[in-house]
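Observations on chain architecture
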Amino acid sequence: MLWKASLPLLWAQDVDEQVETLATAMHPVLKAFVCGSISGTCSTLLFQPLDLLKTRLQTLQPAVNGSGRAGMVTLLFRVVRTESILGLWKGVSPSFARCIPGVGIYFSTLYMMKQKFLADRSPTALESVFLGAAARAVSGICMLPVTVVKTRYEGVCRAPRPVPGTWMTDLCLLLQSGRFGYGSVYGALKSIYQTEGARGMFSGLTATLLRDAPFSGIYLMFYTQTKNLTPQDQLDPVLMPLLNFGCGIFAGILASLATQPADVIKTHMQLSPQKYHRTSQAIAFIYKDFGLVGFFRGGVPRLLRRTLMAAMAWTVYEQMMEKMGLRS
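Remember, it's a predicted structure, so these values are computed and weren't measured experimentally. The residue count restarts for each chain, going from 1 along the sequence in the order it is written. Whole-chain, interface and lining totals are the exception, using all residues; otherwise, since this is a predicted model, local features are given only for residues with pLDDT of at least 70 and side-chain atom pairs are given and counted only at 80 or more. For side-chain calculations, the full set of non-hydrogen atoms in the structure is used, while hydrogens and water are omitted.

**Considering the pattern of salt bridges**
The rule for a salt bridge is simple: a side-chain nitrogen of Lys or Arg has to be within 4 Å of a carboxyl oxygen of Asp or Glu. A complete count under the given rule lists eleven salt bridges for this structure. Between Asp-263 and Lys-54 there is a salt bridge; the shortest N-O distance is 3.4 Å. With Asp-263 in helix α9 (residues 240-271) and Lys-54 in helix α2 (residues 28-58), the pair connects residues that are 209 residues apart, well separated along the chain. A single burial state applies to Asp-263 and to Lys-54, both of which are buried. Helix numbering and strand numbering both begin at the N terminus, where a helix is a DSSP run of H or I of at least 4 residues and a strand a DSSP run of E of at least 2. For each residue, the accessible area found with a 1.4 Å probe, counting protein chains only, is set against the maximum for its type, and the residue is called buried under 20%, exposed over 50%, and partly exposed in between.

**Re the environment of Ser-93**
Note that Ser-93 resides in helix α4 (residues 92-117). Residue class for Ser-93 comes out partly exposed when judged on its relative accessible area of 46%.

**A few points about the confidence of the model for the protein**
On average, residues of the protein carry a pLDDT of 79, and 80% of them reach 70 or more. Values of pLDDT, ranging from 0 to 100, describe the predictor's confidence in every residue of the model. At the low end of the mean pLDDT range in the protein sits helix α6 (residues 167-175), at 40; at the high end sits helix α8 (residues 205-229), at 90. The contact criterion used is simple: two residues touch if any of their non-hydrogen atoms lie within 4.5 Å. When the criterion is pLDDT under 50, residues 64-68 qualifies, and its contacts beyond four places in sequence or with other chains add up to one contact. Residue range residues 158-178 is modelled with pLDDT below 50. Its contacts to residues more than four positions away, or to other chains, number 38 contacts.

**Describing the environment of Leu-326**
Within the element layout of this structure, Leu-326 appears in the segment after α11 (299-323). For Leu-326, a relative accessible area of 18% translates into the label buried. For the pair formed by Leu-326 and Ala-32, sequence separation is 294 residues and the distance between their alpha carbons is 8.7 Å. Ignoring sequence-local partners within four residues, the contact set of Leu-326 consists of Pro-28, Lys-31, Tyr-111 and Met-321.

**Quick notes on the packing of α9 against helix α10 (residues 279-290)**
Only the contacting stretch of a helix is used when fitting its axis, a line to C-alpha atoms as for every element, and angles between N-to-C directions run 0 to 180 degrees. Axis separation between α9 and α10 bottoms out at 9 Å; the angle between their running directions is 105°. Accordingly, the angle class assigned to the pair α9 and α10 is roughly perpendicular. For the pair α9 and α10, the contacting residues are Val-264, Ile-265, His-268 and Met-269 in the first and Thr-279, Ala-282, Ile-283, Phe-285, Ile-286 and Phe-290 in the second. Counted by class, the contact of α9 with α10 contains eight nonpolar, two polar and no charged residues. Oblique is the label for any angle not under 35 degrees, not over 145, and not in the 65 to 115 range, which are roughly parallel, roughly antiparallel and roughly perpendicular in turn. For this scheme, ten residues count as nonpolar: Ala, Val, Leu, Ile, Met, Phe, Trp, Tyr, Cys and Pro. Four count as charged, namely Asp, Glu, Lys and Arg, and the remainder, Gly too, count as polar.

**A look at unusual backbone geometry**
Not every positive phi belongs to a glycine, and Ser-84 is a case in point at roughly 75°. Among the secondary structure elements, Ser-84 is positioned in the loop between α3 (72-83) and α4.

**Details of α4**
Any helix carries an expected span of 1.5 Å times its number of residues minus one. In this model, α4 (26 residues) spans 36 Å end to end at C-alpha, consistent with the 38 Å of a helix rising 1.5 Å per residue. Just downstream of α4, Ala-119 is the residue with a positive phi angle, here 60°.

**Quick look at a nonpolar patch on the surface**
Patches draw on residues past 30% relative accessible area with no salt bridge. Two like charges within 9 Å are joined, as are two nonpolar side chains (Val, Leu, Ile, Met, Phe, Trp, Tyr) within 5 Å. For accessible areas, the Shrake-Rupley method is used with a probe of radius 1.4 Å. Any residue's cover is judged against the shown protein chains and nothing else. There is a patch of nonpolar side chains on the surface, built from Phe-250, Ile-253, Leu-254 and Leu-257 and spanning about 330 Å² of accessible area. By the secondary structure assignment, Leu-254 is in helix α9. Residue Leu-254 is classed as partly exposed on the basis of its relative accessible area, which comes to 31%.

**Describing the packing of α9 against α11**
Relative to each other, α9 and α11 sit at 140°, their axes nearing to 7 Å. With respect to α11, the axis of α9 lies oblique. For the pair α9 and α11, the crossing hand works out as right-handed. Across from Pro-241, Asn-244, Phe-245, Gly-248, Ile-249, Gly-252, Ile-253, Ser-256, Leu-257, Thr-259, Gln-260 and Asp-263 in α9, the residues of α11 making contact are Gly-299, Arg-302, Leu-303, Arg-306, Thr-307, Leu-308, Ala-311, Met-312, Thr-315, Glu-318 and Gln-319. Here the contact of α9 with α11 is built from residues that sort into nine nonpolar, ten polar and four charged. The hand of a helix crossing depends on one turn: near helix anticlockwise from the far one by less than a right angle means left-handed, and clockwise means right-handed.

**Observations regarding the side chain of Lys-54**
When its relative accessible area of 2% is taken as the criterion, Lys-54 is described as buried. With near-sequence residues (within four places) excluded, Lys-54 lies in contact with Arg-211, Asp-263, Lys-266, Thr-267, Gly-298, Pro-301 and Arg-302.

**Some words on the packing of aromatic side chains**
Any two rings among Phe, Tyr and Trp, with Trp reduced to its six-membered ring, count as a pair given centres within 6.5 Å; such a pair is stacked if its planes are under 30 degrees apart, edge-to-face if over 60, and tilted if neither. Under the criterion given, the structure shown has ten aromatic pairs. With a centroid separation of 5.9 Å and an interplanar angle of 20°, the aromatic rings of Phe-215 and Tyr-219 are classed as stacked. Placement of the pair is Phe-215 and Tyr-219 together in helix α8, with a separation of four residues, close to one helical turn. Both residues of the pair, Phe-215 and Tyr-219, count as buried. Measuring from centroid to centroid gives 5.9 Å for Tyr-219 and Tyr-223, while their planes differ by 10°, and the two rings are stacked. With Tyr-219 and Tyr-223 both in helix α8, this residue pair falls four residues apart, about one helical turn.

So this is what it looks like as structure tokens:
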């Protein structure tokens, strides 16, 4: 009887030993990739609704008579009412396909560059900007085709019988719901390549790099510099995750505000690749139809999502790297 009761405990110990052996045998860069991928999975699942709301807000047409304007809360309830609560997670499949390997590529590239150029010292402010921007550029270019699919998934409107003359009707017409009705991520990539070629798969590349590379560079600079100002040696190790999360929130707010215009441009280019062949065309359209305010549309859900997502990703990543015996 005691032997049977001890079986689960022995099995758990055996699993722990196997995980520890596997972690020991892994290359440090691969460890950084795994830690980054896991952290990206957690943050993506939690904050996908904010990304969907951001995409929808950025593509709303302004009302002719000035009425019918929709804010984030109004749009949130409209999506839940017309597409169910699960509609908030539309695009989560391509988000996973992008973020799980994408965040892993970012953290592993960042770790590799730190080991190559910095050895064991902390980066300066300028070095942090360069490291963060370079790592994000590598990740962004690798995952851009999936980013295009994700943007189109989130932009698809399936509202039943939109009321004529309302902002939801304008949104559905703008996003051309039937046109982007992809069945799967693979099917979407195949369709885009067949109909639009490589140009369609990498639409919005310039805007994406202008958004993501500066964001990561600015974020890493503020994150590392803020952490250096805190007395980490005197802090209880139990509170370290809270410190990391707090530094991440502060850095994310500043980085999100600085890169919001590039995110709006990127969204328009990826939803309408035939309309915008150059970044300058998208900039001119946004300014003409929305004014300067148009470059900050969807800023609230994006700021919330990017700030919380980056803070959580870095917190989980640093804790996992510490468990694996590596310095992040």
